[in-house]
Amino acid sequence: MSEIGIPPGSIKADLKRIESIDFVRGLVMIIMALDHSRDFMHLSSLTIDPLNLASTTPALFFTRWITHFCAPIFVFLSGTSAFLSVRNRANLATSRHFLITRGIWLIILEFTIVNFAIWYDVHFRILLFQVIAAIGFGFIVLSFLLKLHPIIIGITGLIIIFGHNLFSLIPFENGSVIWQVLSPLINFNLYQVSPHFTFVIAYPLIPWFGIMLTGFAAGLLFELPGKKRKRIFLMTGMAGLLFFTILRLSNFYGDQSQWSSQKNIIFTFLSFINVSKYPPSLLFSLMTLGVMFLVFYMSEGLKNRFVKTISVYGQVPFFYYLIHLYLIHSLMILIMFMQGFHWTDLSFEPFKFGRAGADSGIGLLAVYMIWLSVAVCLYPLCKWYGSYKSAHKEKWLLRYL
């Protein structure tokens with residue numbers, strides 16, 4: 001095992017699922033559906049930024065803000081799952097091949113099936129580089145780092161998380177070669193390639209790769225005894241949130257935007273927690289991953305009906321991800337027809353999603369009802385697929401879904 005930099009531990013060759021990982025991942029997958037339900041269907045989603053304190057409401061803000069936890073935890077646990085997969089295979093060549101092929105597969109799916117699910121545009125006038133492609137590229141790069149010890153990989157990830165915000169402080173000239181090379185890797189970028197084609201890098205590789213590398217190293221924690229692991233989860237979560245609070249109060253470093261006093265204490269608090277996701281700032285990562293470690297602390301060792309139910313979604317995350325996008329988007333089209341619009345009224349141009357304009361859509365309460373309905377409806381399908389996948393481990397293709 002030393003040939004891939006991972007020392008022998010307590011995980012055996014016949015690796016069993018770690019329930020707390022499935023639970024935490026399932027929780028964020030369910031919350032993710034809330035964001036997509038709001039994005040596709042809410043009355044103001046085409047015209048109002050829910051995080052803009054000048055135009056939002058607390059309810060709308062928190063509906064968007066709570067979903068901030070999904071992507072970083074999803075990417076972090078992708079790294080952890082990669083560690084467990086590598087640990088289980090105990091073979092450098094096999095592990096590298098799996099990460100490379102899975103990474104390529106995820107990139108292909110991102111720019112085909114996933115992008116179509118988002119836009120429903122048969123002309124593919126816009127391509128979005130987001131979380132699935134970021135994970136795919138991350139897997140490919142990670143495959144060439146497997147000889148390194150996980151601690152070294154984790155330290156590299158932490159350096160990226162803590163240091164990538166320095167890029168915005170370096171006085172590069174706009175249009176310089178260095179800026180053109182590094183900006184797409186670190187910043188959100190929109191490229192109007194032609195009048196009819198737009199390419200958007202919403203999840204730049206380097207910041208998200210830092211989160212994945214940290215998640216990979218965190219796989220070592222799951223080889224520790226339960227009590228020690230829980231203690232580390234608690235200490236890490238508390239330290240992350242404490243550091244977030246100190247840095248955020250100082251307005252010194254760690255985020256592209258500063259917080260400020262607002263019209264009342266509620267909106268001042270919203271300003272304080274309104275950190276940047278595009279790209280994920282240091283404060284964004286501290287806030288979201290700090291909470292994640294606390295959830296791990298609280299859920300570790302729990303065995304009840306709620307944990308088992310939520311874990312069903314976490315056992316088949318990518319399957320759930322694909323199905324829920326198509327289901328929610330199709331429900332949105334159905335709502336357009338129910339509201340009296342016709343097919344010719346629907347716009348599938350970039351950032352329109354097939355909506356019939358600003359007058360279409362549903363209220364926030366209805367968004368929540370549809371979100372919960374989608375989660376409930378997908379439960380039996382996820383449970384069936386999880387059981388099928390577990391019972392047919394010989395089918396190699398299932399490992400890619």
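Structural data are supplied above this passage.
This one's a predicted model, so the numbers in the text were calculated from it and none came from an experiment.

Each helix and strand counted, the protein chain has 14 helices and 3 strands in total. The globule rule puts the C-alpha radius of gyration for 401 residues at 21 Å, and the 21 Å found for the protein chain is close to it. By principal-axis analysis of the C-alpha atoms, the protein chain measures approximately 60 × 50 × 45 Å. Total accessible area on the protein chain stands at roughly 18500 Å², and carbon and sulfur atoms take up 69% of it. Of the charged side chains in the protein chain, 30 are positive and 17 negative; the average position of the first set lies 12 Å away from that of the second.

Looking now at a nonpolar patch on the surface. The grouping of Leu158, Phe162, Leu242, Phe243 and Ile246 at the surface amounts to a nonpolar patch, some 440 Å² of accessible area in total. Sorting the residues of the nonpolar patch by element identifies α6 (150–163) and α9 (226–250) as the ones contributing at least two each. A total of 3 residues in the nonpolar patch trace back to one element, the largest contributor, which is α9. Positionally, Leu242 belongs in helix α9. By relative accessible area, Leu242 is classed as exposed at 54%.

This brings us to helix α14 (residues 364–391). For α14, which comprises 28 residues, the first-to-last C-alpha distance of 40 Å matches the rise-based estimate of 40 Å (1.5 Å per residue) to within 8%. The principal kink in α14, of about 35°, is found at Tyr379, preceding the proline Pro380 by one to four residues. Inspection of α14 places Leu364, Val367, Ile370, Trp371, Val374, Ala375, Leu378, Cys382, Tyr385 and Gly386 among the buried residues, and these make up the whole buried set. Where the residues of α14 are buried, they touch α1 (19–41), α2 (58–65), α12 (305–314) and α13 (317–338).

Summarising the sheet, strand β2 (residues 189–194) and strand β3 (residues 197–201) pair through 5 bridges and their orientation is antiparallel. Note on β3: the bridge partner recorded for Ser194 is Phe197. Linking two consecutive strands that pair antiparallel, namely β2 and β3, is a turn of 2 residues.

Counted under the stated rule, the structure contains 8 salt bridges. With its nearest N and O atoms 3.1 Å apart, the salt bridge here joins Arg38 to Asp35. On the criterion of helical spacing, the pair formed by Arg38 and Asp35 is a turn pair, its members being 3 residues apart in helix α1. By the burial criterion, Arg38 is buried, and Asp35 matches it. The partner of Arg38 in a salt bridge is Asp39, with the nearest N and O atoms 3.5 Å apart. Relative accessible area serves as the criterion here: at 24%, Asp39 is assigned to the partly exposed category. Through salt bridges with shared partners, a single ionic network connects Asp35, Arg38, Asp39 and Arg64.

As a further point, take the nonpolar core. The biggest cluster of nonpolar side chains holds 116 residues, and the ones touching the most others in it are Leu142 and Tyr321. Broken down by element, the residue count for this core peaks at 12 residues, all from α1. Setting aside residues no more than four positions away along its own chain, Tyr321 makes contact with Met29, Met32, His36, Val114, Gln130, Val131 and Ile132.

Let us look at the state of the cysteines. Joining two cysteines, a disulfide is a covalent bond between their sulfur atoms. Counted by the stated rule, this structure contains 0 disulfides. Lacking any disulfide linkage, Cys382 is separated from the closest cysteine sulfur, that of Cys377, by 11 Å. Taking the relative accessible area as the measure of exposure, Cys382 reaches 2% and is therefore buried.

This part is about unusual backbone geometry. Only a minority of non-glycine residues have a phi that is not negative, and only a minority of peptide bonds are not trans. Of note, the amide linkage connecting Tyr278 to Pro279 takes the cis form, showing an omega dihedral of -5°. Along the chain, Pro279 turns up in the loop between α10 (265–273) and α11 (282–299).

Now for the pairing of strand β1 (residues 126–129). Residue alternation in β1 divides its side chains into two sets, Ile126 and Leu128 and Leu127 and Phe129, and both sets are buried. Where β1 meets β3, 4 bridges bridge the pair, whose relative direction is parallel. Among the inter-strand pairings, Leu128 is bridged to a residue of β3, identified as Val200.

Two strands in a sheet stick together by hydrogen bonds in their backbones, pointing the same way (parallel) or opposite ways (antiparallel). Overall, mixed pairing links the 3 strands, which are arranged β1-β3-β2 in an open sheet. Of all the strands in the sheet, just β1 and β2 have a single pairing partner and so form its edges. Neighbouring strand axes in the sheet, compared pairwise and without regard to direction, differ in orientation by 15° on average. Of the strands in this sheet, β1 and β3 touch helix α4 (residues 92–119), which is tilted by about 110° from β1.

Moving on: the environment of Asn88. Secondary-structure assignment places Asn88 in helix α3 (residues 70–89). Residue class for Asn88 comes out partly exposed when judged on its relative accessible area of 29%. Along the sequence, Asn88 and Tyr388 sit 300 residues apart, while their C-alpha atoms lie 21 Å from each other.

So, on to the packing of aromatic side chains. For the structure shown, the criterion picks out 37 aromatic pairs. Taking the centre distance of 5.6 Å and the plane angle of 85° together, the rings of Tyr313 and Tyr320 count as edge-to-face. An identical accessibility class is assigned to Tyr313 and Tyr320; each is buried. In this structure, Lys230 is placed above the aromatic ring of Tyr297, and the distance from its NZ or CZ to the ring centre is 4.9 Å. Cation over ring: Lys263 sits above Phe267, and NZ or CZ is 4.4 Å from the ring centre.

Rules and cut-offs
Residues numbered from 1 in each chain as written. Predicted model: local features only at pLDDT ≥ 70, side-chain atom pairs only at ≥ 80, totals over all residues. Heavy atoms only, no water. Helix = DSSP H or I, 4+ residues; strand = E, 2+ residues; numbered from the N terminus. Rg over C-alpha atoms; globule rule 2.2 N^0.38 Å. Areas by Shrake-Rupley, 256 points an atom, 1.4 Å probe, with all protein chains shown as cover. Lys, Arg positive; Asp, Glu negative; His and termini not counted. Charge placed at Lys NZ, Arg CZ, Asp CG, Glu CD. Patch = residues over 30% accessible without salt bridge, like charges linked within 9 Å, V, L, I, M, F, W, Y side chains within 5 Å. Salt bridge = Lys/Arg side-chain N within 4 Å of Asp/Glu carboxyl O. Buried < 20%, exposed > 50% of the residue type's maximum accessible area, 1.4 Å probe, protein only. Expected span 1.5 Å × (residues − 1). Bend = angle between axes of the 7 residues up to and from the residue. Contact = heavy atoms within 4.5 Å. Pairing = 2+ DSSP bridges. Core = buried A, V, L, I, M, F, W, Y, C linked by side-chain atoms within 4.5 Å. Disulfide = S-S within 2.5 Å. Axes fitted to C-alpha atoms, helices over the stretch in contact; angles between N-to-C directions. Phe/Tyr/Trp six-rings, centres within 6.5 Å; stacked < 30°, edge-to-face > 60°. Lys NZ or Arg CZ within 6 Å of the ring centre and 35° of its normal.

Without other data, these values stay purely geometric and don't point to any function.
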